[in-house]
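Spelled out, the chains give:
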Amino acid sequence: MNYIHPFMLLDGDREAMEQRFDEGTFNDSLASAAQYEEGDLVEVVTGTVTKSVRTDAALITKLFLAGQSYDQPFALAYFRGRGVPLNVIPKKNLFVFTYQDDAIDTADHEFAAADLQAVLAGAERELEYNVERECYTIRDGDTNPTVQLVGIFKGEVGDDNVQVIARILDERLGS
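A. Looking closely at the pattern of salt bridges. Inspection of the entire model under this criterion finds 5 salt bridges. Linking Arg125 and Asp140 is a salt bridge whose minimum nitrogen-to-oxygen distance equals 3.5 Å. Taken together, the residues Arg125 in strand 7 (residues 124-130) and Asp140 in the loop between strand 8 (135-139) and strand 9 (147-154) connect sequence positions 15 residues apart. Classification of Arg125 by relative accessible area gives buried; the value is 12%. Look at Asp140 and you get partly exposed, because its relative accessible area is 33%.

B. A look at the pairing of strand 9. As judged from the 2 bridges shared by strand 7 and strand 9, these two strands associate in the antiparallel manner. Paired with Arg125 across the strands is Val147, a residue of strand 9. Of the strand pairs in this sheet, strand 9 and strand 10 (residues 163-168) are connected by 6 bridges, and their pairing is antiparallel. For Gln148, the partnering residue across the bridge sits in strand 10 and is Arg167.

C. Inspection of the nonpolar core at higher detail. Ranked by size, the top nonpolar core spans 24 residues in total, and within it Leu41, Phe97, Leu127 and Ile138 carry the most contacts. Breaking this core down by element, the ones donating at least two residues are strand 6 (94-99), helix 2 (113-120), strand 7, strand 8, strand 9 and strand 10. Contact partners of Ile138, with chain neighbours within four places excluded, come to Phe97, Thr98, Tyr99, Gln100, Arg125, Glu126, Leu127, Val147, Leu149, Val164 and Ala166.

D. Representation of the environment of Leu59 in the model. In this fold, Leu59 is placed in the loop between strand 3 (48-51) and strand 4 (64-66). The class for Leu59 is partly exposed, based on a relative accessible area of 46%. Between the C-alpha atoms of Leu59 and Glu128, which are 69 residues apart in sequence, the distance is 9.6 Å. Contacts of Leu59, omitting those with residues within four sequence positions, involve Glu43 and Arg54.

E. Spatial organisation of the packing of aromatic side chains. Evaluated as defined, the whole model comprises 4 aromatic pairs. Where Phe7 meets Phe153, the ring centres are 5.6 Å apart and the plane angle is 75°; that geometry is what we call edge-to-face. Taken together, the positions of Phe7 in strand 1 (residues 7-9) and Phe153 in strand 9 put the pair 146 residues apart, joining distant regions of the chain. Exposure remark for Phe7: the relative accessible area of 32% places this residue in the partly exposed category. With a relative accessible area of 39%, Phe153 lands in the partly exposed category. Between Tyr99 and Phe111, the aromatic rings sit 5.5 Å apart at their centres with planes inclined by 85°, giving edge-to-face as the arrangement. Here Tyr99 is found in strand 6, whereas its partner Phe111 is found in the loop between strand 6 and helix 2, with 12 residues between them in sequence. Its relative accessible area of 0% is what places Phe111 among the buried residues.

F. Local environment of empty space enclosed by the protein. Evaluated as defined, the whole model comprises 1 cavity of 30 Å³ or more. Counted as a void, the largest cavity has a volume near 90 Å³. Taken together, His5, Pro6, Gly39, Asp40, Leu41, Lys51, Ser52, Phe95, Tyr129, Glu134, Cys135 and Tyr136 form the lining of the largest cavity. Broken down by class, the residue content of the lining of the largest cavity amounts to 6 nonpolar, 3 polar and 3 charged.

Thresholds, definitions, all that
Throughout this document, residue positions are counted from 1 along each chain, in the order its sequence is written. Whole-chain, interface and lining totals are the exception, using all residues; otherwise, since this is a predicted model, local features are given only for residues with pLDDT of at least 70 and side-chain atom pairs are given and counted only at 80 or more. Water and hydrogen atoms play no part in the side-chain values, which are based on all heavy atoms of the structure. Just to be clear on terms, a salt bridge is a Lys or Arg side-chain nitrogen sitting within 4 Å of an Asp or Glu carboxyl oxygen. Only DSSP runs of H or I with at least four residues qualify as helices, and only runs of E with at least two residues qualify as strands; both kinds are numbered from the N terminus onward. Only protein chains enter the accessibility calculation, which uses a 1.4 Å probe; a residue is then buried when its area is under 20% of its type maximum, exposed when over 50%, and partly exposed in between. For two strands to pair, DSSP has to find at least two bridges joining them. Note on terminology: a nonpolar core comprises buried Ala, Val, Leu, Ile, Met, Phe, Trp, Tyr and Cys residues joined through side-chain atoms within 4.5 Å. Working rule for contacts: check all heavy atoms of both residues, and any pair within 4.5 Å makes them a contact. In summary, the pairing rule links any two rings of Phe, Tyr or Trp, Trp by its six-membered ring, whose centres are within 6.5 Å, and it sorts them by plane angle into stacked for under 30 degrees, edge-to-face for over 60 and tilted for everything else. Buriedness for pockets is judged along seven lines, at least five of which must meet protein on both sides within 12 Å for an open set on the 1 Å grid over protein atoms alone, while cavities are sets there where a 1.4 Å probe fits but cannot get out, and lining residues have an atom within 4 Å of a point. Grid points are joined across faces, edges and corners, and a volume is the space filled by probe spheres set on the points. Amino acids are sorted into nonpolar (Ala, Val, Leu, Ile, Met, Phe, Trp, Tyr, Cys and Pro), charged (Asp, Glu, Lys and Arg) and polar (every other residue, Gly among them).

As structure tokens, then:
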């Protein structure tokens, strides 16, 4: 399977279902490395909203979702006028990420039986930006956990780049 750009699974509550994202809109006033599109995981770095591209899970602070408008239920109004608005990620919402081990970014990861056991156990793992694939992936490490594995979205043992469902840990969620 190909690597995927992480996306949020809506949990069914009315407010979360009202969030919508229009692909292709982004804040082009930022330097190219900091540009983000709606639906991207973003951070506030020294007062500026920027795409989150942390290659070290320990450095991930508070994550938000780049939104579509300030009318959305989870939008933070105090960032008005700084590009696409921020949305707080509800604690119960889940994301789909590609599962990757700690190998070099360009390597595909064959999902092993031990990986399946980690998913079934609800293990906590690290979320890190894969520079080569330009997206966040879940790494096998658990030194600085960022997400909790919840289930498999697509794939099985023996497949490359299985897509897993995960919940971002509360301390990594912006508010």
